[in-house]
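Remarks on the overall topology
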Amino acid sequence: MAGATSFPLHSQRANPRRATGEAACVRWILTGITLVFLALFLLLPLFVVFQEAFAKGYQVFFRAFQDPYTLKSIQLTLLVAAIAVPLNTVFGLAAAWSLTRYRFPGRSFLITLIDLPLWVSPVIGGLIYVLVFGSHGWCGPLLKELDWRIIFAVPGIVLATVFVTFPFVARGLIPLMQAQGIKEEEAALSLGANGWQIFWRITLPKIKWGLLYGIILCNARAMGEFGAVSVVSGHIRGKTNTMPLQIEILYNEYQFAPAFAVASLLSLLALVTLALKTYAEWRAEQQLAAAARESEPETT
Amino acid sequence: MGKRFVLPGFGLTLGYSVVYLSLIVLVPFSALLVKTGSGGWEHFWATVTAPRVVASYQVSFGISLYAALVNGIFGVVAAWVLVRYEFPGRRLLDAIVDLPFALPTAVAGIALTTIYAPNDWIGELLKPYGIKVAFTQLGIFIAMTFIGLPFVVRTVQPVMQDLAADVEEAAACLGANRWQTFWRVVFPTLLPSILTGITLAYGRAVGEYGSVVFIAGNLPFKTEITPLLIISKLEQYDYSGAAALGFVMLAVSFLILLVSNGLQAWDNKRKGIA
């Protein structure tokens, strides 16, 4: 089949559609506008981060990471991501399973709820936890009695991060699992497999690239979240400062080179995220196409 | 009905999801609603219509509209070029479009501020013409354009990819020139997705904090955004005031969501007819 279709496809590409293409000059102008727009808004900021990080030389760059407060902030960021990402991965799997395998009342409300953090301001994501756990909040007096700190402490940062990042795994999985259907799972069930066996042996291999895609985005956001975390953190140096907050403090103290040095680490993370995401997206599409090909004989 | 529940795990997965969402979302949001109401209607109204707050609405809701519209125009051009034309580096450029999703907002914030500050990079080039970008409303516009950039491109791109070539060919055969074909045949098909993308970009820009707060300068009545006012109210322990502003932002975001869902439904309906 591949051999039969590859030839005409190839010749079509070699001979672009003249009647429905633009004149060369229009093409150049549009391409030029795009290049300038994307270069100005995307490539230049990225370039500036690395340029400013190394502007005062390599020594200044590396000395930035000897600052104990900066090191602490890196540790805290890793810790928060290590808690928030697994929590949200389990939630994403559970939510995607229940939303794509069953029909029940309130299903569309649940889907809207999962999207909520994507359309509200991150500041609101921090605000709601302050209203519950802050000193003048709902649980404030109780927490004071127990001497537990949630706001201006690590638990609050984790909560705010969990809130901002919980949609990503679920949203990566729902369309994929919806499209793949449940035929294989039903077959496994009829052969006597139990729920966990079906999940580990049938579903997980089918969705692994979609899952990875979601986890990557969730992790990038968890490590880079600023607005929500900034509300609940209290900015206590060496204690409740994550990397983005440390960048803010350094920048506001005019320590530009160290600020950009920390920023360059997060930019590197963003670039790796983009690369992995593009790859996982491509593999997930392949899995989807494979699922579509398998179901084809039945539908035609 | 029974057949839909063949697979095991319904109770476990749905139960877990509902409990998780209740703890993370529903309980805290009910706190927001209760706190908003706790000060009484008059206090709420006085808080959300205070002159400084109203000025911040103009900045947050007004400038993000301009940014979303500019993204609408350039986003369509970029999507067109990325889908239709072949040039070296196209795939790389396509992947980098998602950068504003992946780059932490604080990093974007300090990078944009450095680029447009009066003595750096582009800021220095614009200085002789008397154009100030950083610490003005223009700077906020730049940051909001950056943050909303992927939305239009990513919503329009799949629709462009699925455009049937034969419709354009038919238009060309019937004597339409390229511009007529685009304007009368291609553009109406793209319109719902363009509007959806603009709405999404608007929604994101309205609530944006990290990338805006550095470049904004945060002068009351001029370059102060509503999310920043929420934070400053919290710092003064004015919880009901912060909740009131949070409620207003939530209501506006909800309206934007309704519009974007409506647009998507319109798009699906049109696809169904075609």
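Concerning the overall build of chain B
Counting secondary structure elements, chain B contains 13 helices and 0 strands. Secondary structure elements in chain B, listed N-terminal to C-terminal, are α-α-α-α-α-α-α-α-α-α-α-α-α. Its C-alpha atoms give chain B principal-axis dimensions of about 75 × 70 × 35 Å. Relative to its 274 residues, chain B shows a buried fraction of 47%. The long-range fraction of contacts in chain B, counting pairs at least 24 apart against all pairs at least 6 apart in sequence, stands at 78%.

With respect to the domain arrangement of chain A
Residue and element names in this part refer to chain A. Looking at chain A, the domain boundaries give domain 1 (18–53) and domain 2 (57–299). In this assembly, 5 residues from domain 1 lie in contact with 8 residues from domain 2. Among the residues making up the side of domain 1 that touches domain 2, the classes are represented as 4 nonpolar, no polar and 1 charged.

Examining helix α2 (residues 24–53) of chain A
All names here are of chain A. For α2, built from 30 residues, the straight-helix expectation of 44 Å at 1.5 Å per residue is met to within 8% by its first-to-last C-alpha distance of 41 Å. Of all the bends in α2, the greatest measures close to 45° and is centred on A39. If you check which residues of α2 are buried, you get T34, F37, L38, F41, L42, P45, V48, V49, E52 and A53.

Side note on the nonpolar core
The biggest cluster of nonpolar side chains holds 161 residues, and the ones touching the most others in it are A:L127, A:I247, A:V262, A:A263, B:V107 and B:I215. Ranked by the residues each element gives to this core, the list is headed by helix α8 (residues 137–162) of chain B, at 13 residues. Apart from the residues lying within four places of it in its own chain, the contact partners of B:I215 are B:G109, B:L112, B:T113, B:Y116, B:A134, B:G139, B:I140, B:I142 and B:A143.

Focus on unusual backbone geometry
Trans peptide bonds make up the majority, and among non-glycine residues the majority have a negative phi. Residues and elements named next belong to chain A. Unlike most non-glycine residues, Y254 shows phi in positive territory, near 60°. Among the structural elements, Y254 can be located in the loop between α13 (243–252) and α14 (256–299). Y254 sits in the exposed class, given 7 other C-beta atoms within 10 Å.

Here we look at the domain arrangement of chain B
All names here are of chain B. As far as domains go, chain B holds domain 1 (1–38) and domain 2 (40–273). One C-alpha centre belongs to domain 1, the other to domain 2, and the line joining them spans 31 Å. Across the boundary between the two partners, domain 1 contributes 4 residues, which contact 7 residues of domain 2. Grouping the constituent residues of the side of domain 1 that touches domain 2 by class yields 1 nonpolar, 2 polar and 1 charged.

The rules behind these values
Residues numbered from 1 in each chain as written. Chains lettered and ligands numbered in written order. Predicted model: local features only at pLDDT ≥ 70, side-chain atom pairs only at ≥ 80, totals over all residues. Helix = DSSP H or I, 4+ residues; strand = E, 2+ residues; numbered from the N terminus. Buried ≥ 20, exposed ≤ 12 C-beta atoms within 10 Å, placed from the backbone. Contact = placed C-beta atoms within 7 Å. Domains from an automatic or database assignment. Nonpolar A, V, L, I, M, F, W, Y, C, P; charged D, E, K, R; others polar. Expected span 1.5 Å × (residues − 1). Bend = angle between axes of the 7 residues up to and from the residue. Core = buried A, V, L, I, M, F, W, Y, C linked by C-beta atoms within 7 Å.

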